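One-letter residues, chain by chain:
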Amino acid sequence: ASIIRVSTIRDLRNNTFEPSSGYYISLSSEYSGLGGVKKWFKLETDSRYFYRIAGDLVFRSRFYASRIYEVDDRPIPRTEKFTLGGARNLRGYPFEGIGPKLVVENENGTSVYNKGGEFAAYTSIELEHPLAREAGLKWVVFFDAGDAGEVDDYKVYMDYGFGLRWFSPIGVLRFEWGFPINPDENTSSASQFHFDIGQLF
């Protein structure tokens, strides 16, 4: 694939590493097809908002949406399609737990795969506050909602949870527990623990 991507970004956060006020907005378009055999066209928007409620209590929110289109009837690679679930978006569900499923029968039984969708949208809302300022520890409570799949078959999955964040010398270490609100037969109803490095947004 040969890809060209154009983005417009407005970043008015007071701190890119640990923001407590301001906002960030990004609008992007991507085209694959200048060379190679893979072709697609993708649109993406990402917005983030931060507000200090009182003292060190910070409200954080994010909205993300993206849509990918076929070009010249070329199949879209699985790696470019959308799934949700895991430490980076819907934290009440396992990694790639949300998205259109493909059931495959084989000699060992039945396997279910997430084949990825052409559309994804999700939002995350958080309240974050220091737990031990000198140690760089913070607590967070959150709510997530969204889906990944086809445009004409959409369900809003939701979850909530809490976590700890350590602003360590190597980066932000995140320990979070998520609980699904409305799972279905194709998604896990168990609570999820996630460990990740870096800011969520």
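About the criteria used
- The numbers attached to residues start from 1 for each chain and follow its sequence in the written order.
- Totals for whole chains, interfaces and linings use every residue, but because this is a predicted model, local features are given only for residues with pLDDT of at least 70 and side-chain atom pairs only at 80 or more, for both listing and counting.
- Side-chain measures here rest on the full set of heavy atoms in the structure, leaving out hydrogens and waters.
- A pocket here means an open set of points on a 1 Å grid, computed over the protein atoms alone, that has protein on both sides within 12 Å along at least five of seven lines. A cavity is instead a set of points where a 1.4 Å probe fits but cannot get out; residues with an atom within 4 Å of a point line either one.
- Grid points are joined across faces, edges and corners, and a volume is the space filled by probe spheres set on the points.
- For this classification, the nonpolar set comprises Ala, Val, Leu, Ile, Met, Phe, Trp, Tyr, Cys and Pro, the charged set comprises Asp, Glu, Lys and Arg, and every other residue, Gly included, is treated as polar.
- Where helices and strands are cited, they refer to DSSP runs of H or I of at least four residues and of E of at least two residues respectively, numbered from the N terminus.
- Two strands are counted as paired when DSSP detects at least two bridges linking them.
- Interaxial angle, 0 to 180 degrees, is taken between N-to-C directions of lines fitted to C-alpha atoms, where a helix line uses only the stretch in contact.
- Throughout this description, the term salt bridge denotes a Lys or Arg side-chain nitrogen within 4 Å of a carboxyl oxygen of Asp or Glu.
- Nonpolar core, defined: a set of buried Ala, Val, Leu, Ile, Met, Phe, Trp, Tyr and Cys residues in which side-chain atoms within 4.5 Å join the residues together.
- Only protein chains enter the accessibility calculation, which uses a 1.4 Å probe; a residue is then buried when its area is under 20% of its type maximum, exposed when over 50%, and partly exposed in between.
- Contacts between residues were defined by any pair of non-hydrogen atoms, one from each residue, lying within 4.5 Å.
- Aromatic pairing here means that ring centres of Phe, Tyr or Trp (its six-membered ring) are within 6.5 Å. Orientation follows from the plane angle: under 30 degrees is stacked, over 60 is edge-to-face, and everything else is tilted.
- Each patch is built from salt-bridge-free residues with over 30% relative accessible area, joining like charges within 9 Å and nonpolar side chains (Val, Leu, Ile, Met, Phe, Trp, Tyr) within 5 Å.
- Surface accessibility follows the Shrake-Rupley procedure with a 1.4 Å probe radius. Residue values consider only the protein chains on display as shielding.

So, the layout of surface pockets
Of the volumes computed, that of the largest pocket is approximately 270 Å³. Residue lining of the largest pocket: 16 residues in total, with Lys81, Phe82, Thr83, Leu84 and Asn89 positioned closest to the centre. Considering only residue class, the lining of the largest pocket consists of six nonpolar, four polar and six charged. Of the pockets and cavities examined, the second largest pocket occupies roughly 230 Å³. In terms of lining, the second largest pocket is formed by 15 residues, of which the most central are Gly99, Pro100, Asp147, Asp153 and Tyr157. When residues in the lining of the second largest pocket are grouped by element, the largest group, three residues, is from strand β8 (residues 137-149).

Thoughts on the pairing of β8
Two elements, strand β7 (residues 119-132) and β8, share 13 bridges in a ladder whose sense is antiparallel. The partner of Ala121 across the bridge, within β8, is Asp147. Turn length for the β7-β8 hairpin, with the two strands adjacent in sequence and antiparallel, is four residues, and the turn residue Gly136 shows positive phi of about 75°.

Quick notes on the sheet that holds strand β10 (residues 171-180)
With respect to topology, nine strands assemble into an open sheet ordered β1-β2-β3-β4-β7-β8-β9-β10-β11, the strand pairing being antiparallel. The sheet terminates laterally at β1 (3-11) and β11 (192-197), the two strands that pair on one side only. Strand-to-strand twist across the sheet, computed as the mean angle between neighbouring axes with direction ignored, equals 15°. Looking at chain direction, strand β4 (residues 57-70) and β7 are connected through ten bridges and run antiparallel. Bridge pairing in β7 places Arg60 opposite Glu126.

Some points on the pattern of salt bridges
Opposite charge on two side chains allows them to pair when their charged atoms are near. Evaluation of the coordinates by the stated rule reveals 24 salt bridges. A salt bridge links Glu18 to Lys138; its shortest N-O distance comes to 2.5 Å. Taken as a pair, Glu18 in the loop between β1 and β2 (22-32) and Lys138 in strand β8 lie far apart in primary sequence, 120 residues in all. Between Asp196 and Arg174 there is a salt bridge, with the nearest N and O atoms lying 2.8 Å from each other. Of this pair, Asp196 sits in strand β11 while Arg174 sits in strand β10, and the two are 22 residues apart along the sequence.

Some words on the nonpolar core
Within the largest apolar cluster, 13 residues are counted, with the highest numbers of intra-cluster contacts made by Phe82, Leu84, Leu90 and Ile98. Broken down by secondary-structure element, the contributors of at least two residues to this core are β4 and β7. Setting aside residues up to four positions removed in sequence, Leu84 forms contacts with Asn89, Leu90, Pro94, Glu96, Gly97, Ile98, Ala121, Tyr122, Gly146, Asp147 and Ala148.

Things to note about the packing of aromatic side chains
The geometry of two aromatic rings is summed up by the distance between their centres and the angle between their planes. By the definition in use, this model includes twelve aromatic pairs. Seen from their ring centres, Phe17 and Phe167 are 5.9 Å apart, and the 85° between their planes marks the pair as edge-to-face. Here Phe17 is found in the loop between β1 and β2, whereas its partner Phe167 is found in strand β9 (residues 157-168), with 150 residues between them in sequence. A centroid spacing of 6.1 Å and a plane angle of 35° characterise the contact between Phe50 and Phe201, whose relative ring orientation is tilted. Here the residue Phe50 occupies a position in strand β3 (residues 40-54), and Phe201 occupies one in the segment after β11, the gap between them amounting to 151 residues. On the basis of relative accessible area, Phe50 is assigned to the buried category, the value being 1%.

Side note on a nonpolar patch on the surface
Among the surface-exposed residues, Leu131, Val141, Phe162, Leu164, Trp177, Phe193, Phe195 and Ile197 lie close enough to one another that they form a single nonpolar patch of about 730 Å² accessible area. Elements that contribute at least two residues to the nonpolar patch include exactly β9 and β11. With respect to the helices, strands and loops of the structure, Leu164 is situated in strand β9.

With respect to the environment of Ile53
Residue position: Ile53 is located in strand β3. For Ile53, a relative accessible area of 42% corresponds to the partly exposed category. Here the alpha-carbon distance between Ile53 and Tyr69, two residues 16 residues apart in the chain, equals 40 Å. Those residues in contact with Ile53 that lie beyond four places of it in its chain are Phe59 and Leu127.

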